[in-house]
Amino acid sequence: MVNISNLGYPRIGENREWKKTLESFWKGNITENQFESEMRSIRLQSIEKQLRLGIEIIPVNDFTYYDHVLDFATMFGWIPTRFGDLSEQPSLHTYFALARGNKDLVACEMTKWFNTNYHYIVPEYQYDRKSKLLYNKPLASFLEVKNELGIITKPVILGIYTFTQLSKGYKKEDKYAVVKELLPVYIQMLKELEDAGVEWVQIDEPAFVLEETNEDFQLIKEIYSEICEALPSLSIMLQTYFEGVEQYHELITIPVKGIGLDFVHGREENVNALKKYGFPEDKVLACGIVNGRNIWRNDLEESIQLIETLKSHIQPKDWWIQPSCSLLHVPVTKKKEDSLEPTVLAALAFADEKIEELVVLRKALEFGSDAVKQEIEKVKQSFEHLNKLNTKSNDIRSLSEEDFNRAIPFKERYQFQKEALNLPLLPTTTIGSFPQTKEIKIARQQWRKGELSESDYRHQIKLKIKEWIELQESLDLDVLVHGEYERTDMVEYFGEKLKGFAFTKNAWVQSYGSRCVKPPIIHSRVEFMKQMTVDETSYAQSLTKKPVKGMLTGPVTILNWSFVREDHAKEDIANEIALALRKEIKALEESGISIIQVDEPAIREGLPLKKRNWEAYLNWVTRAFRLTTAGVQKKTQIHTHMCYSSFSDIMDAVIELDADVISIEHARSHEEFSSYLAENPYPLGIGLGVYDIHSPRVPSVQEMEQNIVGSLKVCDIQQFWINPDCGLKTRDEKEVIQALSNMVISAKKVREHYYSILS
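In this structure, the second largest pocket encloses a volume near 1,900 Å³. Surrounding the second largest pocket, 47 residues form its lining, Q165, S167, K172, S646 and D649 being those nearest its centre. When contributions to the lining of the second largest pocket are tallied by element, the ones reaching two or more residues are β3 (110–112), α6 (160–165), α7 (175–195), α8 (214–230) and α24 (672–679). Across the lining of the second largest pocket, the residue classes tally to 18 nonpolar, twelve polar and 17 charged.

For the rest of this paragraph, the subject is the sheet that holds strand β20 (residues 685–688). One open sheet accounts for six strands, arranged β15-β17-β18-β19-β20-β21; its pairing is parallel. Taken across any chain shown, the strands that pair with only one partner, and hence form the sheet edges, are β15 (549–553) and β21 (720–721). The pairing of β20 with β21 spans two bridges and is parallel. Bridged to G687 within β21 is W721. Sitting on the sheet, helix α15 (residues 410–421) touches β17 (595–599), β18 (637–642), β19 (661–664), β20 and β21, and the angle it makes with β18 is about 105°.

With that settled, the discussion passes to empty space enclosed by the protein. Under the defined criterion, the tally for this structure stands at nine cavities of 30 Å³ or more. Each pocket or cavity is described by its volume, and for the largest cavity that value is around 530 Å³. The wall of the largest cavity is formed by 31 residues, among which M490, R515, W561, C726 and G727 lie closest to the centre. Counting only elements with at least two residues in the lining of the largest cavity, the list comes to β12 (509–512), β13 (515–517) and β15. Examining the composition of the lining of the largest cavity, we find that three residues originate from one element, β15, more than from any other. Volume-wise, the second largest cavity comes out at about 200 Å³. Counting only elements with at least two residues in the lining of the second largest cavity, the list comes to α3 (68–75) and β5 (154–158). It is β5 that provides the largest number of residues to the lining of the second largest cavity, a total of three residues. Along the lines of polarity and charge, the residues of the lining of the second largest cavity split into ten nonpolar, four polar and three charged.

Where α7 contacts α8, the two axes come as close as 10 Å, and the packing angle between them is 25°. In terms of orientation, α7 and α8 fall into the roughly parallel class. Crossing of α7 over α8 shows right-handed handedness. Of the residues in α8, those touching α7 at K175, Y176, V179, K180, L183, I187 and L190 are D216, L219, E222, I223, E226, I227 and A230.

Right, let's talk about the pattern of salt bridges for a bit. With the rule as written, the count across this model stands at 52 salt bridges. Here E301 makes a salt bridge to K380, at a shortest N to O gap of 3.2 Å. Of this pair, E301 sits in helix α11 (residues 300–311) while K380 sits in helix α14 (residues 373–387), and the two are 79 residues apart along the sequence. Residue E301 is classed as partly exposed on the basis of its relative accessible area, which comes to 32%.

Looking now at the nonpolar core. Core analysis: the biggest nonpolar cluster contains 146 residues, and F76, W113, L190, Y224, I289 and L310 have the highest contact counts within it. Examining the composition of this core, we find that ten residues originate from one element, α7, more than from any other. Not counting chain neighbours up to four residues away, the residues in contact with L310 comprise F263, V271, L274, C287 and W319. Residues Y493, V548, A587 and L740 belong to the second largest nonpolar core, which totals 103 residues.

Read across the sheet, three strands follow the order β11-β14-β16 without closing on themselves; strand pairing throughout is mixed. Both edges of this open sheet fall to β11 (498–502) and β16 (563–564), since each of them pairs with a single strand only. Here two bridges tie strand β14 (residues 521–528) to β16, and the two strands are oriented parallel to one another. Following the sheet pairing, I522 is matched in β16 by V564. Contacts between helix α21 (residues 570–590) and the sheet are confined to β11, β14 and β16, with β14 contributing the most and set at about 40° to the helix.

What follows covers helix α10 (residues 267–277). Turning to α10, its buried residues are N270, V271, A273 and L274. Axial view of α10: buried residues confined to an arc of 160°, hence all on one face. Turned more than 90 degrees away from the buried face of α10 sit E268 and K276, all of them exposed. Contacts from the buried residues of α10 go to α9 (248–251), β8 (258–262) and α11. Downstream of α10 by a residue or two, G278 has a phi angle that is positive, lying close to 75°.

Parameters at a glance
- Residues numbered from 1 in each chain as written.
- Predicted model: local features only at pLDDT ≥ 70, side-chain atom pairs only at ≥ 80, totals over all residues.
- Heavy atoms only, no water.
- 1 Å grid on protein atoms, 1.4 Å probe; cavity = no way out; pocket = protein on both sides within 12 Å on 5 of 7 lines; lining within 4 Å.
- Points joined across faces, edges and corners; volume = space filled by probe spheres on them.
- Helix = DSSP H or I, 4+ residues; strand = E, 2+ residues; numbered from the N terminus.
- Nonpolar A, V, L, I, M, F, W, Y, C, P; charged D, E, K, R; others polar.
- Pairing = 2+ DSSP bridges.
- Contact = heavy atoms within 4.5 Å.
- Axes fitted to C-alpha atoms, helices over the stretch in contact; angles between N-to-C directions.
- Parallel < 35°, antiparallel > 145°, perpendicular 65-115°, else oblique.
- Left-handed = near helix turned anticlockwise from the far one by under 90°.
- Salt bridge = Lys/Arg side-chain N within 4 Å of Asp/Glu carboxyl O.
- Buried < 20%, exposed > 50% of the residue type's maximum accessible area, 1.4 Å probe, protein only.
- Core = buried A, V, L, I, M, F, W, Y, C linked by side-chain atoms within 4.5 Å.
- Arc of directions from axis to C-beta.

As far as function goes, none of this settles anything; it's purely spatial.
Below, the structure is given as structure tokens:
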């Protein structure tokens, strides 16, 4: 028997209703009751839609008001003591304060969800607090759908092992004790689900695909043996994704009713494991055969062959076919994409279309591939037509080693740059973007619709650049930026000016909280067409004697934050983008720009989940960055920026980028990165973010001063920069001005203190 299952559905709605509701509540435009009512409507509509599309095993509790990991942290009372001693479900205001902070409290740390661009809130364990079930959100979600729609759904639970692996606040040697303390709480949560009539529960354990030790897996087996013993009638689907399972032979001995495997990203490893060790005949096998992380149509013929191959080796109790992971990582539907080139559109499948593909695959598995012959042929034709769009590739094979390396070593060129730029000790700057005002957004929409002329639109952009150059000068920042008012997104903007990209109207994907991104589509060879940033940057530079940074997005981030053809080598695409950006950097230099920032926040995000694959990945991504930047003159200072990831794993590779200055998110990580730097000093220029820009909270001068002084304990003062954590695009203008004012004052106070010592 073959059933169609789903692991999770996009939360944001077809028109980002979820985002709009969130932001309306945060601004005080709607009441809490209105907020709850609108959110309830959005989640119930998504359940009804999945049912209409053909999902038979529908997930519930994949919906959240901010982040699913944060939901479980608040459920279990894993809440930092600074938020008080909560004995019941936190209020909405406390919940959002955990995620975003407020005027009095610093938000919890935020980082990337495995190797995706989704950000989760990091749970914080407290030794002096006992874990307890403050409320049961999966139960409430299940009962809501059952009572309102009469549908029995499959609650989605973040597994106890993955939850603790993703958490902070406890020592590694205490992991066993922490898990064992939390286990009764998990069992209580699951018992309440069982008592309410839940038939299947999906427990997500993506951490099982990491390189866990034998000791780790013994703990995993102990956890689930205890859970299954306590809940013998509850059917548990133990779900893995993002890679192949490391210890498959141990996984299949766990006494759960079903196991889910990713046959897209972990295909080879999982298939080989099934062939070698088989699969229990008393368990359900959930096959992730449609890519939940990319937007290209599924190769139906290949998927059918895969299932047939598996059938020849194993005979599970039942088969589920499903996406490889939650559809959270793809847009909702392509039905409104009427402006895409038909050849590109025909090759795409968003969340709704992926569900339709599963329906086709089930039909093929039940009645044979001849029953879906027409659909298979359509997929083949869509890619044949798409391949005709391919342009001639830049000749990356003719590159020499000289193209990847700066001509002069860091120490020599950095001293030259300091003298040429004439900057003070502890120079201040920002990461690049300033608030995108309502007026600018309206002007951009009017311009795109043809309701505003090109010259009028550019005039409005220049007015904002001029306004903020003057503001930065009044704040006395040392290195200025033009503000990026012409940019909708740090990747989309560049893709629109490069050959080989396509763009959607409504293909939004959640990145963190209410922040949604619209990734470009790389469908063919990438090539430089025209200057992309020179006009705005050189105009800003003409308004001031202080240096203005050129602002570019790096090749690896453009690659990782786009939807990329799966049949093209990522290394080649990265190098094509690098060569295009190299031309832009040369144009910036020729226009008189002496500092150029090439942002690479996605390098860490793209790191393979298996450590054995790290070296090969880091080798080509660092080379792509150097290919972008290595051709500059010695007087040109190259900056880069990274945020919201664990960087200690890749600092050797970060050094290999050979950027003169790197700015890294630091305020929200609560100085944990400083501990790493204390033992592993960074040899190049560095700026550790002194305040969290993702919170509406404006830190005091004293707080920022303390952050700077703390950073200088582990960083060379002669190579240290003062900057916020990230770009300021999403913040309110008044917040930005006050925060930057405090930042500059704190920098001057520390600077004066050190000048007095040095004199």
